[in-house]
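Topology and contacts: notes
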Amino acid sequence: MKLHPVRKLQLDGFFPMNCYVLERNNKCFIIDPGYQKETIQNYIKDENLEVVGILLTHAHIDHIEALDCFNVPVYLHEKEVEILLDDDLNGFGFFNKEKDYDINTIDIVPINEDTIIDLEGYEISVIFTPGHTKGGVSYKIGHDIYTGDTLFEGSVGKWDRPTANLNDLKQSVIKLIDEQAEHMLIHPGHGRSSTIGAEKRFNTFYNEWKRAN
């Protein structure tokens, strides 16, 4: 299988975060446009790409503040739609901040783990990974998995947020690491990329939860 370079934009807001651009044949999806709308727009323009959609791993403020960077459909898990629409759940209320866009104008496309998203003949599959939020997902294409705030290099997502559930997070992390091949690359919403194999060996959360499972 042909390996494609990972396009990552490191954006700064309340927290530094990773926004990714999934590109094939100059068509692309943007994963988690967290902040700095103009930075995202300028990158797309400079790279001469056509945005066909936005993929959300989850709907927290640091992943959606620039959600209106392009007028395209926004995909997220059907259980996460409530969080996107409710500022008491997504963090806008917590930070006492208003959206710069009208959420009612966003074309929301609910998805689930049976959804296959096409990008120029390449399949993007949806892995349901709740725990950090009730509708969190990871996106898999080729050798790459975009894990949002579920699985990080050497760590895992927080479980003290609204709709979070520690038991769900444990099962999601174990499922990701146990069911995916060790050579698969993981690209989280914050921090550096890693591999499934490295997390299987060195992620203390996974190893502790796996032993107790």
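For clarity, every value in this text was computed on a predicted model and none was experimentally measured.

Notes on the pairing of strand β4 (residues 50–55)
In the sheet, strand β3 (residues 27–31) pairs with β4 via five bridges, with the strands oriented parallel. Of the residues in β4, the one forming a bridge with I30 is I54. Considered for its hand, the β-α-β crossover made up of β3, helix α1 (residues 37–46) and β4 is right-handed. Inspection of the sheet shows β4 paired to strand β5 (residues 74–77) by two bridges, in the parallel sense. Bridging across to β5, L55 finds its partner in Y75.

Side note on unusual backbone geometry
Trans is the common state for peptide bonds, and a negative phi is the common state for residues other than glycine. The backbone of N25 shows a phi angle near 55 degrees, a positive value even though the residue is not glycine. For N25, the location among the structural elements is in the loop between β2 (17–24) and β3. Looking at N25, the relative accessible area reads 51%, which means it is exposed. Notably, Q36 is not glycine yet its phi reads approximately 50 degrees, a positive angle. Take Q36: it is sitting in the loop between β3 and α1.

Regarding the packing of helix α5 (residues 166–179) against helix α7 (residues 204–212)
For the pair α5 and α7, the least separation of the axes is 10 Å and the interaxial angle reads 100 degrees. With respect to each other, α5 and α7 are oriented roughly perpendicular. Contacts from L166, L169, K170, V173, I174, I177 and D178 of α5 reach α7 at Y206, W209 and K210. Of the residues contributing to the contact of α5 with α7, the split by class is seven nonpolar, no polar and three charged.

Brief notes about the packing of aromatic side chains
For the structure shown, the criterion picks out nine aromatic pairs. On the basis of an interplanar angle of 75 degrees and a centroid distance of 5.9 Å, the ring pair of F15 and F95 is categorised as edge-to-face. In this pair, F15 sits in the loop between β1 (7–11) and β2 while F95 sits in the loop between α4 (87–90) and β6 (108–111), placing the two residues 80 residues apart along the sequence. For F15, a relative accessible area of 36% translates into the label partly exposed. With 6.4 Å between their ring centres and 75 degrees between their planes, W159 and F205 make a pair best called edge-to-face. With W159 in the loop between β12 (155–156) and α5 and F205 in helix α7, this residue pair connects regions lying 46 residues apart in the sequence. According to the relative accessible area criterion, W159 is partly exposed, its value standing at 36%.

Conventions and cut-offs
- Residues numbered from 1 in each chain as written.
- Predicted model: local features only at pLDDT ≥ 70, side-chain atom pairs only at ≥ 80, totals over all residues.
- Heavy atoms only, no water.
- Pairing = 2+ DSSP bridges.
- Helix = DSSP H or I, 4+ residues; strand = E, 2+ residues; numbered from the N terminus.
- Right-handed = clockwise from strand over helix to strand, strands pointing away.
- Buried < 20%, exposed > 50% of the residue type's maximum accessible area, 1.4 Å probe, protein only.
- Axes fitted to C-alpha atoms, helices over the stretch in contact; angles between N-to-C directions.
- Parallel < 35°, antiparallel > 145°, perpendicular 65-115°, else oblique.
- Contact = heavy atoms within 4.5 Å.
- Nonpolar A, V, L, I, M, F, W, Y, C, P; charged D, E, K, R; others polar.
- Phe/Tyr/Trp six-rings, centres within 6.5 Å; stacked < 30°, edge-to-face > 60°.

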